[in-house]
Amino acid sequence: MMPGLKNYLLLEITLLLLVLNTFCACNKLNSQVEIPLLLYKADSEPVKVSDDTLEDGSDDINIILTGDTMLSRNVEHLCREKSDYDYPFSQISYLIKKTDIAFTNLETPLVDGENLKTGLTFRADPRFAAALRRAGLNIVSVANNHILDRGVAGLAKTLLYLEKSGVAYSGADRKSLSGKGVIISAGSCRVGFISLTDTLNSLRRSDYARDKVINYNNTEGIINAVRDLRRKSDVVIVSVHWGMEMASEPSEREIELAKKIISAGADIIAGHHPHVIQPYRKINGGHVFFSMGNFVFDQTAKSETRSAVMIGVTVRNKKIHSIVAYPLAIDREYRPGLCSEGDAGEVYKKLLL
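The following paragraphs examine the structure supplied in this document. (Residues numbered from 1 in each chain as written. Predicted model: local features only at pLDDT ≥ 70, side-chain atom pairs only at ≥ 80, totals over all residues. Heavy atoms only, no water.)

### Considerations on the pattern of salt bridges
Okay, so step 1: Using the criterion set out here, one finds 14 salt bridges in the structure.
Okay, so step 2: One salt-bridge network, in which partners are shared between bridges, spans Glu76, Arg80 and Arg123. (Salt bridge = Lys/Arg side-chain N within 4 Å of Asp/Glu carboxyl O.)

### What to know about the packing of aromatic side chains
Okay, so step 1: Following the criterion strictly, the structure yields four aromatic pairs and no others.
Okay, so step 2: With centroids separated by 5.0 Å and ring planes inclined at 80 degrees, the aromatic side chains of Tyr85 and Phe128 adopt a geometry described as edge-to-face. Residue Tyr85 is found in the loop between helix H2 (73–82) and helix H3 (93–96), and its partner Phe128 is found in helix H4 (residues 128–134); the two are separated by 43 residues along the sequence. Across the pair, Phe128 and Tyr85 agree in class, each one buried.
Okay, so step 3: Taking 4.8 Å as the distance between ring centres and 25 degrees as the angle between the ring planes, the aromatic pair formed by Tyr280 and Phe289 counts as stacked. With respect to class, Tyr280 is no different from Phe289; both count as buried.
Okay, so step 4: The residue whose ring lies beneath Lys82 is Tyr87, and the NZ or CZ to ring-centre distance is 4.7 Å. (Phe/Tyr/Trp six-rings, centres within 6.5 Å; stacked < 30°, edge-to-face > 60°. Helix = DSSP H or I, 4+ residues; strand = E, 2+ residues; numbered from the N terminus. Buried < 20%, exposed > 50% of the residue type's maximum accessible area, 1.4 Å probe, protein only. Lys NZ or Arg CZ within 6 Å of the ring centre and 35° of its normal.)

### A look at helix H8 (residues 252–263)
Okay, so step 1: When the terminal C-alpha atoms of H8 are compared, their 17 Å separation across twelve residues agrees well with the 16 Å that a helix rising 1.5 Å per residue should span.
Okay, so step 2: If you check which residues of H8 are buried, you get Glu254, Leu257, Ala258, Ile261 and Ile262. Angularly, the buried residues of H8 cover 135 degrees about the axis, an arc narrow enough to put them on a single face. Turned more than 90 degrees away from the buried face of H8, the exposed residues are Glu252 and Ser263.
Okay, so step 3: In the core, the buried residues of H8 are packed alongside strand E7 (189–197), helix H7 (219–232), strand E8 (235–241), strand E9 (268–272), strand E10 (280–283) and strand E11 (286–289).
Okay, so step 4: Of the residues trailing H8, Gly265 is marked for its positive phi of about 130 degrees. (Expected span 1.5 Å × (residues − 1). Arc of directions from axis to C-beta. Contact = heavy atoms within 4.5 Å.)

### Focus on the sheet that holds E10
Okay, so step 1: If you walk across this open sheet you meet the six strands as E6-E7-E8-E9-E11-E10, and the pairing is mixed. Across the chains shown, the open sheet's two edge strands, defined by having one partner strand only, are strand E6 (182–186) and E10. Looking at each pair of strands side by side, their axes are set apart by 20 degrees on average, direction ignored.
Okay, so step 2: Strand direction decides the pairing type here: E10 and E11, joined by four bridges, are antiparallel. In the strand pairing of E11, Tyr280 is matched with Phe289.
Okay, so step 3: Taken strand by strand, H7 contacts E6, E7 and E8, and its axis lies near 170 degrees from that of E7. (Pairing = 2+ DSSP bridges. Axes fitted to C-alpha atoms, helices over the stretch in contact; angles between N-to-C directions.)

Below, the structure is given as C-alpha cells:
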C-alpha cells in the first residue's frame, strides 16, 4: 500500500473513532440526567429517589412546593368545556398525592361569576377548591397581587371555599383579614407556613396596610412573624410573591430580603410571580427558591413560561434531610407534568444558574 493512502486511511479511522466517542459521551451525558435532581442532603446516607417518589423512610415527612396556580381565563374555560375541574392537575396529581403536605400559590379568587377568557382581573369557579384538595394540594398561599381582584369580599369567600374543601391557607385570615402563619402537623412534625406578597394590584399599599388584608412587603412585620412561627414549628417555609415578571434572576433587593427571612428562622423560601424559573441558592443555611415558575397557568405562548420546577422536601427527625427538584413542562392545555430527560437538563440549567 502506498504510504500516502495508508496515512489517509489512518486519519479517516481516527476521525471516525473520535466521532463515535463523542456520540457515546453525549448519549451517556443525556442518560445521566436525573429526574428528580438531588439538590441537597443533610448527610452522606444515600437518598432514595425515583421519578415518582420522594424518600421512603417510614418516619419521613414529604413536602411538595409549587409555583403560581391561576385557574381563571382559558384554564376555567377549558374545564367548563370538559366538565372536569380536576383536569389541570391530571398529569401531576399522582405524584402530589404521595406526599404529606403539598403547597401552591393560589393566584385566583374563587367566586361565582362570568367566565373571563382575557384580561388581568381574575376569578374562577369555587369548585376548583375541592379540585385542589383532590389533586393532593392541601395548603395554598393567598398572599399575591391577584387574590383581591374581587375585593375583600371575594377573598373572604375564597377562604371559606378553601376551608370547606379541607385546604389550609396562609397569607390571610378569614376572621381578622390579617396575614398569619399556619402550622400543619404531619406525624409528630410541625411544619409552619407563612406568606407575603411584595407586589400589589387591586388596592393601594395604604389600603393593604389599613385593612390588614394580606401580608405584603413589610420587612419588620414579616421578620417578627417568622421568628414567632419558628418558636412554634419544627420546619418553617415562607412563601414570597416577589420579583419582576419574566426576569431570569432575582434583584439585589430580593436577595437581601431573603437573607433577612432566613436569618429570622426560615428553612425554605418558596418564591413565585416572575412566571419563569430563577436560581436556587443556599443562604445562611437556608434554601431559597427565588422563583419556581408557573404551575397551572395559561401562559403558553413562550417556552420560558411553560418550564417550571416542583420542589420535593423530605423531613427526617424534624429536620430537613433532603431536597430534590422535579423538572416540569406545562402543555398547551395548561397542565403541568414531568418533562422528558431531554428537556430536563435545560430546566436544571435555569435553576442552577
